[in-house]
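# Summary of structural features
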Amino acid sequence: MGLLREEDLQEIRRRLEAMTTPVKMVHFTQELNLEYGRETRQVLEELAGLSEKLSLEVYDFLLDKEKVAKYGVDKVPATIIRNGKDYGIRYYGLPAGYEFSTVLDAILDVSKGESGLGAESREKLSHLSQPLHLEVFVTPT
Amino acid sequence: MESEHITADCIEATEFPDLVTRYRVQAVPRTVINQEHALEGSMPEEHFLDTILGAVQPPEEGAKA
């Protein structure tokens, strides 16, 4: 049985139709000692099946050390949302409830190559000259 | 996406209790900036951005840029 609800599938498919360029979800997980590891992977697999422009790559956090280093992943489950370019967008944990929508939004933004920020914000950010790492803590609702 | 310098993580708090402890996350959303500054709650885009940029670069540098 799917983790995504049947009644939501149509709406998700409809939203994904707005995708322009292909998006890849690069997912890191591990077999043991991960409370929601299996569920997280399953949700991403179901999601990837809803659009031809959306794909999923899965790596083992403990075994695929080269990829872990490449993406700078330090905890799992981790999901990188990227297109031909890695914008530094990561989701850590199971995207449940409202946070599923956060992941959908990220997929759409990355696909369109548009952050959705206003012109003034983009102007300010274009002057940024040093690393800025944001970690936003959320809970499923 | 608007700057090569930015990386953005969304972290499901209940799955990473040690980070919650380290960053003293008591309410969500809580945004941690460069592992040292933090801001709580959601706010309008402009205010959010100014707070973040204020945390990473001194005002005079921001004015010059």
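The coordinates are above.
This report concerns the structure included in the present document. (Residues numbered from 1 in each chain as written. Chains lettered and ligands numbered in written order. Predicted model: local features only at pLDDT ≥ 70, side-chain atom pairs only at ≥ 80, totals over all residues.)

It is worth spelling out the interface of chain A and chain B at this point. Taken together, the contact pairs 36 residues of chain A with 33 residues of chain B. Listing elements by their share of the side of chain A that touches chain B, those giving two or more residues are strand S4 (89–92), helix H4 (98–112), helix H5 (119–126) and strand S5 (132–138) of chain A. Counting residues per element, the side of chain A that touches chain B draws most heavily on S5(A), which supplies 7 residues. Here the residues of the side of chain A that touches chain B are counted per class, giving 16 nonpolar, 11 polar and 9 charged. Sheet topology places S5(A) next to strand S2 (residues 30–33) of chain B; 4 bridges connect them, and they run antiparallel. Bridging across to S2(B), Leu134(A) finds its partner in Ile33(B). (Contact = placed C-beta atoms within 7 Å. Helix = DSSP H or I, 4+ residues; strand = E, 2+ residues; numbered from the N terminus. Nonpolar A, V, L, I, M, F, W, Y, C, P; charged D, E, K, R; others polar. Pairing = 2+ DSSP bridges.)

In this section: H4(A). Residues and elements named next belong to chain A. For H4, built from 15 residues, the straight-helix expectation of 21 Å at 1.5 Å per residue is met to within 8% by its first-to-last C-alpha distance of 22 Å. For H4, the complete set of buried residues consists of Ala-106, Ile-107, Val-110 and Ser-111. Mapping the buried residues of H4 onto a view down its axis gives an arc of 130°, with all of them on the same face. Opposite the packed face of H4, turned more than 90 degrees from it, sit the exposed residues Tyr-98 and Ser-101. Elements that come into contact with the buried residues of H4 comprise strand S1 (23–29), strand S2 (54–60), strand S3 (78–82) and S4. Immediately beyond the C-terminal end of H4, within one or two residues, lies Gly-113, with a positive phi of roughly 70°. (Expected span 1.5 Å × (residues − 1). Buried ≥ 20, exposed ≤ 12 C-beta atoms within 10 Å, placed from the backbone. Arc of directions from axis to C-beta.)

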